[in-house]
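The primary structure of each chain is shown beneath.
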Amino acid sequence: MSSSTETTTDWPYLEIHQSRDHEPSPYEFKLAATLEEVFTKVGHELTDVVSGLNARQVPAPDGQPWTEESFRAEMHRLGA
């Protein structure tokens, strides 16, 4: 802040989901919840994420088990 009279309300307000162009689908909600669990209980490395998704039987969009390539492609598609 540049002056003592400015407050945080003087700054532009950030909407939490301002970059969304649609509401998340049931698939996206399930994927997000499972990813949160994997990150918390398994790890953050790509191999951990892929194995964690597969262990929890959350298939890739094509119905197949996840691979590193399919996970990268899906994150790119979802804008993550």
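One can find the structure itself at the top, above this paragraph.
What this report covers is the structure whose coordinates are included nearby. Quantities reported herein were computed from a predicted structural model and do not represent experimental measurements.

Moving on, we come to the environment of Gln-64. With respect to the helices and strands, the residue Gln-64 is situated in the loop between α2 (46-55) and α3 (68-78). Classification of Gln-64 by relative accessible area gives partly exposed; the value is 46%.

A few words on helix α1 (residues 26-41). Here α1 is 16 residues long and its end C-alpha atoms lie 22 Å apart, about the 22 Å a rise of 1.5 Å per residue gives. Those residues of α1 lying buried are Glu-28, Leu-31, Thr-34, Leu-35 and Val-38. Around the axis of α1, the buried residues are gathered within 135° of arc, so they sit on the same side. Exposed side chains of α1 directed beyond 90 degrees from the buried face belong to Pro-26, Phe-29, Glu-36, Thr-40 and Lys-41. Of the residues flanking the end of α1, it is Gly-43, one or two places downstream, whose phi is positive at about 155°.

Time to look at the nonpolar core. The nonpolar side chains of soluble globular proteins are, as a tendency, buried together. Counting 11 residues, the largest nonpolar core is built from Leu-31, Leu-35, Val-38, Val-49, Val-50, Leu-53, Val-58, Ala-60, Trp-66, Phe-71 and Met-75. Counting residues per element, the ones that place at least two in this core are α1, α2 and α3. Here Leu-31 is in contact with Leu-53, Trp-66, Glu-74, Met-75 and Leu-78, once residues within four sequence places are set aside.

For Thr-34, the location among the structural elements is in helix α1. The exposure class assigned to Thr-34 is buried, which follows from its relative accessible area of 9%. The residues contacting Thr-34, other than those within four sequence positions of it, are Leu-53, Arg-56 and Val-58.

What counts and what doesn't
- Residues numbered from 1 in each chain as written.
- Predicted model: local features only at pLDDT ≥ 70, side-chain atom pairs only at ≥ 80, totals over all residues.
- Heavy atoms only, no water.
- Helix = DSSP H or I, 4+ residues; strand = E, 2+ residues; numbered from the N terminus.
- Buried < 20%, exposed > 50% of the residue type's maximum accessible area, 1.4 Å probe, protein only.
- Expected span 1.5 Å × (residues − 1).
- Arc of directions from axis to C-beta.
- Core = buried A, V, L, I, M, F, W, Y, C linked by side-chain atoms within 4.5 Å.
- Contact = heavy atoms within 4.5 Å.

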